[in-house]
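Chain residues, written in single-letter form:
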Amino acid sequence: MLLDTNPIDSKRVIVALDFDNLNAAMALVDQLNPEECRLKVGKEMFTLFGPDWVRRLVDEGFDVFLDLKFHDIPNTVAKAVKAATSLGVWMVNVHASGGPDMIEAAKDAAMSSHNPSLLTAVTILTSMDERQFSAVYDENHIANKVTELALLAQNSGADGVVCSAKEAILLRQQVKSTFKLVTPGIRPTGSDVNDQKRIMTPSDAISSGVDYLVVGRPITQAKEPTNVLSSINASIKNIVYEN
């Protein structure tokens, strides 16, 4: 399993498996090709179906992003990350707001595992708009906090951050070129926005410097999910971010 990627990664789409039904999830997975996408397992599926579900996806040949957003004292998070990497996952994440000691402990755990994985840190959830943000943080602009947390994550050893595509251009001007930007809130033209606030189309996101696109309902709830995935892959195939 490679921990870094070429400038153009052939698998830049991460399909979010947000299901409460294992059979429904597997029916979708059976249609997908591990050479064309990666998969994300979040809190709902992990809570319902546990580590065996993750192992099953890994055994099927998929790179799995285990999206559990760990946020606790450094020792607890390090042990959780070590447990996650033992499942063979490609990427695991923490909350950047947990601070540098927590991120450093998580990174050490991720790299000391027999199955080292990428470690990314969540900045500000893409479901938050300025109104919600101001209710939590004593600041005026989301972009400022995202930048602060991204630089903290980079300086603490994280491989990248989870952020909105709308902050990607700003971050690309300040973080290393190898620092990964992973973005939820991706919506192909014509898709429902749902509960996301800071959204962008796949091609616009890649053009803005995003490395990996997390796409859920536009694919998982489509009548022809593989067609949607193929369309997204085609739309971003030859796009390279140029600063």
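Residues numbered from 1 in each chain as written. Predicted model: local features only at pLDDT ≥ 70, side-chain atom pairs only at ≥ 80, totals over all residues. Heavy atoms only, no water.

*Asks:* Is there a simple way to think about the overall build of the chain in this case?
*Replies:* When you go through the chain residue by residue, the secondary structure sums to ten helices and eight strands. Taking the principal axes of its C-alpha atoms as reference, the chain extends roughly 45 × 40 × 35 Å. Taking contacts inside the chain between residues at least 6 apart in sequence as the whole, the part at least 24 apart equals 68%. Put simply, the chain shows about 11300 Å² of open surface, and 47% of that area lies on carbon and sulfur atoms. Computed over 23 positive and 30 negative side-chain charges, the separation of the two mean positions in the chain equals 0 Å. (Helix = DSSP H or I, 4+ residues; strand = E, 2+ residues; numbered from the N terminus. Contact = heavy atoms within 4.5 Å. Areas by Shrake-Rupley, 256 points an atom, 1.4 Å probe, with all protein chains shown as cover. Lys, Arg positive; Asp, Glu negative; His and termini not counted. Charge placed at Lys NZ, Arg CZ, Asp CG, Glu CD.)

*Asks:* Please explain the sheet that holds strand β2 (residues 38–41) as it appears in this structure.
*Replies:* Paired through backbone hydrogen bonds, the strands of a sheet run either parallel or antiparallel to each other. Read around the barrel, eight strands follow the order β1-β2-β3-β4-β5-β6-β7-β8 and close on themselves; strand pairing throughout is parallel. Averaged over all neighbouring strand pairs, the angle between strand axes comes to 25°, with direction disregarded. Examined bridge by bridge, strand β5 (residues 118–122) and strand β6 (residues 160–162) share three bridges and lie parallel to one another. Within β6, the position partnered with T120 by the bridge is G160. Contacts between helix α2 (residues 43–59) and the sheet are confined to β2 and β3 (64–70), with β3 contributing the most and set at about 145° to the helix. (Pairing = 2+ DSSP bridges. Axes fitted to C-alpha atoms, helices over the stretch in contact; angles between N-to-C directions.)

*Asks:* Where do I start with the packing of helix α3 (residues 74–85) against helix α4 (residues 100–112) in this structure?
*Replies:* Helix-helix packing is described using two parameters, namely the angle between the two axes and the distance between the axes. Packing of α3 against α4 brings their axes to within 8 Å, and their N-to-C directions diverge by 30°. One way to sum up the angle between α3 and α4 is to call them roughly parallel. Note that α3 runs across α4; the crossing there is right-handed. Contact residues: P74, V77, A78, V81, K82 and T85 in α3; D101, M102, A105, A106, A109 and A110 in α4. Of the residues contributing to the contact of α3 with α4, the split by class is nine nonpolar, one polar and two charged. (Parallel < 35°, antiparallel > 145°, perpendicular 65-115°, else oblique. Left-handed = near helix turned anticlockwise from the far one by under 90°. Nonpolar A, V, L, I, M, F, W, Y, C, P; charged D, E, K, R; others polar.)

*Asks:* Would you mind showing me how to read the environment of S230 here?
*Replies:* Among the structural elements, S230 can be located in helix α10 (residues 225–236). Using a relative accessible area of 38% as the deciding quantity, one classes S230 as partly exposed. Remark: the alpha-carbon pair of S230 and T120, spanning 110 residues in sequence, is separated by 26 Å. (Buried < 20%, exposed > 50% of the residue type's maximum accessible area, 1.4 Å probe, protein only.)

*Asks:* Honestly, the packing of aromatic side chains in this entry has me stumped. Any pointers?
*Replies:* Remark: the centre distance and the inter-plane angle together describe each pair of aromatic rings, the angle taken between the planes. Within the structure shown, the criterion is met by two aromatic pairs. If you follow R38 out to its NZ or CZ, it ends over the ring of W90, 4.3 Å from the centre. (Phe/Tyr/Trp six-rings, centres within 6.5 Å; stacked < 30°, edge-to-face > 60°. Lys NZ or Arg CZ within 6 Å of the ring centre and 35° of its normal.)

*Asks:* Which parts of the structure should I look at to understand the nonpolar core?
*Replies:* Among soluble globular proteins, nonpolar side chains are generally buried collectively. V15, L17, L39, W53, V81, V94 and V161 are the most contacted members of the largest nonpolar core, which has 67 residues in total. A per-element tally of this core places α4 first, with six residues. Those residues in contact with V15 that sit more than four places away from it in its chain are L28, L32, C37, R38, L39, K40, V215, I219 and T220. Core analysis: the next-biggest nonpolar cluster, separate from the first, contains eleven residues, A16, F65, V122 and Y212 among them. (Core = buried A, V, L, I, M, F, W, Y, C linked by side-chain atoms within 4.5 Å.)

*Asks:* I tried to follow the pairing of strand β4 (residues 91–95) on my own but got confused; where do I start?
*Replies:* Within a regular strand, the side chains alternate between the two sheet faces. Judged by how many residues are buried, β4 sits mostly within the fold: five of five residues are covered. Burial of β4 is two-sided: the residues M91, N93 and H95 facing one way and the residues V92 and V94 facing the other way are all buried. The sheet contact formed by β3 and β4 spans three bridges and is parallel. Across the sheet, F70 pairs through a bridge with V94, a residue of β4. Of the crossover connections in this fold, the one passing from β3 over α3 to the parallel β4 is right-handed. Each parallel crossover has a hand, and the one from β4 via α4 to β5 is right-handed. (Right-handed = clockwise from strand over helix to strand, strands pointing away.)

*Asks:* Mind showing me how you'd approach helix α1 (residues 22–29) here?
*Replies:* Along an α-helix, residues three or four apart share an orientation, since each turn contains 3.6 residues. What α1 keeps buried is the set A25, M26, L28 and V29. Considered in projection along α1, the buried side chains sweep an arc of 155° and stay on one side of the axis. Of the surrounding secondary structure, the elements contacted by the buried residues of α1 are β1 (13–16), β2, α2, α9 (217–220) and α10. Between the side-chain oxygen at the start of α1 and the backbone nitrogen of N23 there is a gap of 2.9 Å, and the oxygen is on N21. (Arc of directions from axis to C-beta. Polar contact = N/O pair within 3.5 Å; in protein donor to acceptor, adjacent residues only side chain to side chain.)

*Asks:* How should I be thinking about the pattern of salt bridges in this particular structure?
*Replies:* Opposite charge on two side chains makes pairing possible when the charged atoms of those side chains draw close. The final tally for this structure, using the stated rule, is nine salt bridges. A salt bridge links D18 to K40, with the nearest nitrogen and oxygen atoms 3.8 Å apart. Highlighted residues: D18 in the loop between β1 and α1 and K40 in strand β2, separated in sequence by 22 residues. With a closest N to O distance of 2.8 Å, D52 and R55 form a salt bridge. Taken as a pair, D52 and R55 lie in helix α2 at a separation of three residues, close to a single helical turn. A residue is classified by how much of its surface remains accessible, and R55, at 37% relative accessible area, is partly exposed. Several salt bridges converge on common partners, so that one network encompasses D18, K40, D67 and K69. (Salt bridge = Lys/Arg side-chain N within 4 Å of Asp/Glu carboxyl O.)

All we've got here are geometric facts, nothing functional implied.
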